[in-house]
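The lines below spell out each chain.
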Amino acid sequence: MVVTPACPVHVIGKRIVDDGGQTVYRAPGYRVVAWQVKCSGRTVWVLFRGGVALSQEAYLGVRSGDAGRTWKLLLSEPYFGVRAPFTIDSYSGPWTIVGANAAYFVGWCPACGHQGTVSLTYTLDGGRHFRRQRIGKLSGFRGTGIHVVGNHVTITAISQSPTGHRRRTVKIEVH
């Protein structure tokens, strides 16, 4: 049996706190209503969510490669005043990490296109570069799940239309 080590940090409000109770990062911005922490070895990703307004969501994505000692702001929705080098989309959705360097984020833009669009934003090099791919087969849908095996990404989504197929799954190969 393989035991996965616990994440070396946790979140309290807008703060990332280490196991000793010390604040190691404080999220910029005016509020945080939800967060998710995902770890793989010494790599930690945290996605803060700050609520929605005007067809956009306030979110911040940060990464630590040294078990939470230092942090880098990598993702944000700039409309809310915090600028990061990359964005997920107007709204962030499900996300996952694989190992120390790969992170995958499903985004959604309800105001883009006739019935909205779904995108995949991902990094394979620890956040130095991100790529975004619009997923045409998910127009009019909103991402609800993500699963990654090797370079194959499976995104599940639910329709935003009251008629037709309600759920859809799309498989994408990334490089």
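Note: the structure precedes this text.
No experiment lies behind these values; they were computed from the predicted model shown.

**Student:** Can you walk me through the sheet that holds strand S11 (residues 131-134) in this structure?
**Tutor:** In any sheet, the strands associate via hydrogen bonds between backbone groups, in a parallel or an antiparallel arrangement. The four strands are arranged S8-S9-S10-S11 in an open sheet whose pairing can be described as antiparallel. Either end of the sheet is taken by a strand with one partner, and the two such strands are strand S8 (91-98) and S11. Across the sheet, the axes of successive neighbouring strands diverge by a mean angle of 20 degrees, strand direction being ignored. Bridge count between strand S10 (residues 117-123) and S11: four bridges; the pairing is antiparallel. Across the sheet, the residue bridging to Tyr 122 is Arg 131, located in S11.

**Student:** I'm lost on empty space enclosed by the protein in this one. Help?
**Tutor:** Over the atoms, a rolling probe the size of a water molecule traces out where space has been left empty. Applying the stated criterion across every chain yields a total of one cavity of 30 Å³ or more. Considered as a void within the structure, the largest cavity measures approximately 120 Å³ in volume. Pro 28, Gly 29, Arg 31, Ala 58 and Leu 60 are the residues nearest the centre of the largest cavity, which is lined by 15 residues in total. When contributions to the lining of the largest cavity are tallied by element, the ones reaching two or more residues are strand S5 (43-53) and strand S6 (56-64). Here the residues of the lining of the largest cavity sort into nine nonpolar, three polar and three charged.

**Student:** Looking at this structure, how should I read the nonpolar core?
**Tutor:** If you look at the biggest cluster of nonpolar residues, it comprises 19 residues, and the most contacted ones within it are Tyr 104, Leu 120, Ile 135, Leu 138, Ile 146, Val 153 and Ile 155. Elements supplying a minimum of two residues to this core: strand S9 (102-109), S10, strand S12 (141-149), strand S13 (152-159) and strand S14 (167-173). Setting aside residues no more than four positions away along its own chain, Ile 135 makes contact with Val 118, Ser 119, Leu 120, Ile 155, Val 170 and Ile 172. Formed by 13 residues, the second largest nonpolar core is a distinct cluster that contains Val 9, Ile 16, Phe 48 and Trp 71.

Cut-offs and rules
Residues numbered from 1 in each chain as written. Predicted model: local features only at pLDDT ≥ 70, side-chain atom pairs only at ≥ 80, totals over all residues. Heavy atoms only, no water. Pairing = 2+ DSSP bridges. Helix = DSSP H or I, 4+ residues; strand = E, 2+ residues; numbered from the N terminus. Axes fitted to C-alpha atoms, helices over the stretch in contact; angles between N-to-C directions. 1 Å grid on protein atoms, 1.4 Å probe; cavity = no way out; pocket = protein on both sides within 12 Å on 5 of 7 lines; lining within 4 Å. Points joined across faces, edges and corners; volume = space filled by probe spheres on them. Nonpolar A, V, L, I, M, F, W, Y, C, P; charged D, E, K, R; others polar. Core = buried A, V, L, I, M, F, W, Y, C linked by side-chain atoms within 4.5 Å. Buried < 20%, exposed > 50% of the residue type's maximum accessible area, 1.4 Å probe, protein only. Contact = heavy atoms within 4.5 Å.

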